[in-house]
Amino acid sequence: MRKNIVAGNWKMNLDRNQGIFLLHDVLERLSVSNKTEVVFAPSFIHLYKASKICKSINNVFIASQDCSVNTKGAFTGEVSAEMIASCGAKYVILGHSERRVNFNEKNDLLRRKVDHALVNNLEVIFCCGESLDQRESGVYFEWIKKQISESLFGLSAVDFTKIVIAYEPVWAIGTGVTASSNQAQEIHGFIRKTIEERYGRKIAQSTSILYGGSCNPSNASELFSQKDIDGGLIGGSSLNADDFVSIVNSF
């Protein structure tokens, strides 16, 4: 049976004190069922402290927002998968649309990042999704399949079980526009079918697929009720304790 996951991506927000305050604020209100994982993805400065705080809390984990494609060396400003794992994080987010657009991250680079993460015992929340132009031109199925296949389908079946997929309709991120539950389900179902074609039904049915486009307390229940939507990768609403806890409680 696959996991329900709600992951809060703080992006480049919150200084050291603000981040730890928010983490404690959420944890004080949180009641997590055994069927749901809650994941916090703060910036690098919070990883070690946040991991220590969450270490003894069932079904609550920490993720890094990215990792370097390099293992070590003269790469000023980069943070390796080994460093992230040493902080106690369970997950790393790779392929987020903002990384793809703002830092020109391509599928082959992400394939190598995924490999580094897995070698260092990190599980991966892998993001995929289409722009407004790609949706309007009708190529979004092919685009999403290309993102997934080129970055992930070289993995063994065992390694693929350490992957969570997050579908991001790029046209809905930060715009206040949300894909309808039917639109989201259509893509999630397509992603699961694509995984099944490569790895078989058992792995496809056990892979968690998250929705990552302006999910908030008012739409989370409807989105999470769809058969192939297993939770959310939450942006802005993860910075508000009330909103984030409400989303977690939407299952």
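Residues numbered from 1 in each chain as written. Predicted model: local features only at pLDDT ≥ 70, side-chain atom pairs only at ≥ 80, totals over all residues. Heavy atoms only, no water.

J.: Is there a simple way to explain the pairing of strand β8 (residues 231–234) in this structure?
T.: Neither face of β8 is open: one carries G231 and L233, the other G232 and I234, and all of them are buried. Judged from the four bridges that link them, strand β1 (residues 4–9) and β8 form a sheet pairing that is parallel. If you follow I5 over to β8, its bridge partner there is G231. (Buried < 20%, exposed > 50% of the residue type's maximum accessible area, 1.4 Å probe, protein only. Helix = DSSP H or I, 4+ residues; strand = E, 2+ residues; numbered from the N terminus. Pairing = 2+ DSSP bridges.)

J.: Would you mind going over the side chain of N107 with me for this structure?
T.: Assignment of secondary structure puts N107 in helix α5 (residues 107–119). Apart from residues no more than four positions distant in its own chain, N107 is found in contact with R100, K146, Q147, E150 and S151. (Contact = heavy atoms within 4.5 Å.)

J.: How should I be thinking about the side chain of E168 in this particular structure?
T.: The residue E168 is located in the loop between β6 (163–167) and α9 (181–199) in this model. When residues no more than four places from it in sequence are discounted, the contact partners of E168 are G95, H96, S97, C127, C128, G129, E130, I173 and G212.

J.: Which parts of the structure should I look at to understand the packing of aromatic side chains?
T.: The way to describe two aromatic rings as a pair is by their centre distance and the angle between their planes. Enumeration according to the criterion identifies nine aromatic pairs in this entry. Measuring from centroid to centroid gives 6.3 Å for Y167 and Y211, while their planes differ by 55°, and the two rings are tilted. Placement of Y167 in strand β6 and of Y211 in strand β7 (residues 209–211) is noted, with a sequence separation of 44 residues between them. Accessibility classification places Y167 together with Y211 in one group, the buried group. Aromatic rings pair up to connect W10, F40 and F244 into one cluster. For R99, the ring lying beneath its charged end belongs to F103, and the centroid distance is 4.0 Å. We note R198 situated over the ring of Y199; from NZ or CZ to the ring centre the distance is 4.4 Å. (Phe/Tyr/Trp six-rings, centres within 6.5 Å; stacked < 30°, edge-to-face > 60°. Lys NZ or Arg CZ within 6 Å of the ring centre and 35° of its normal.)

J.: What should I look at first to understand a positive patch on the surface in this one?
T.: Taken together, the side chains of R16, K49, K52 and K55 present a region of like positive charge at the surface. For K49, the location among the structural elements is in helix α2 (residues 47–54). Its relative accessible area of 41% is what places K49 among the partly exposed residues. (Patch = residues over 30% accessible without salt bridge, like charges linked within 9 Å, V, L, I, M, F, W, Y side chains within 5 Å. Areas by Shrake-Rupley, 256 points an atom, 1.4 Å probe, with all protein chains shown as cover. Salt bridge = Lys/Arg side-chain N within 4 Å of Asp/Glu carboxyl O. Lys, Arg positive; Asp, Glu negative; His and termini not counted. Charge placed at Lys NZ, Arg CZ, Asp CG, Glu CD.)

J.: Please explain α2 as it appears in this structure.
T.: Three or four residues apart is the spacing at which side chains of an α-helix point the same way, because the helix has 3.6 residues per turn. By the burial criterion, the buried members of α2 are L47, A50, S51, I53 and C54. The buried residues of α2 occupy one face: seen down the axis, they fall within an arc of 160°. (Arc of directions from axis to C-beta.)

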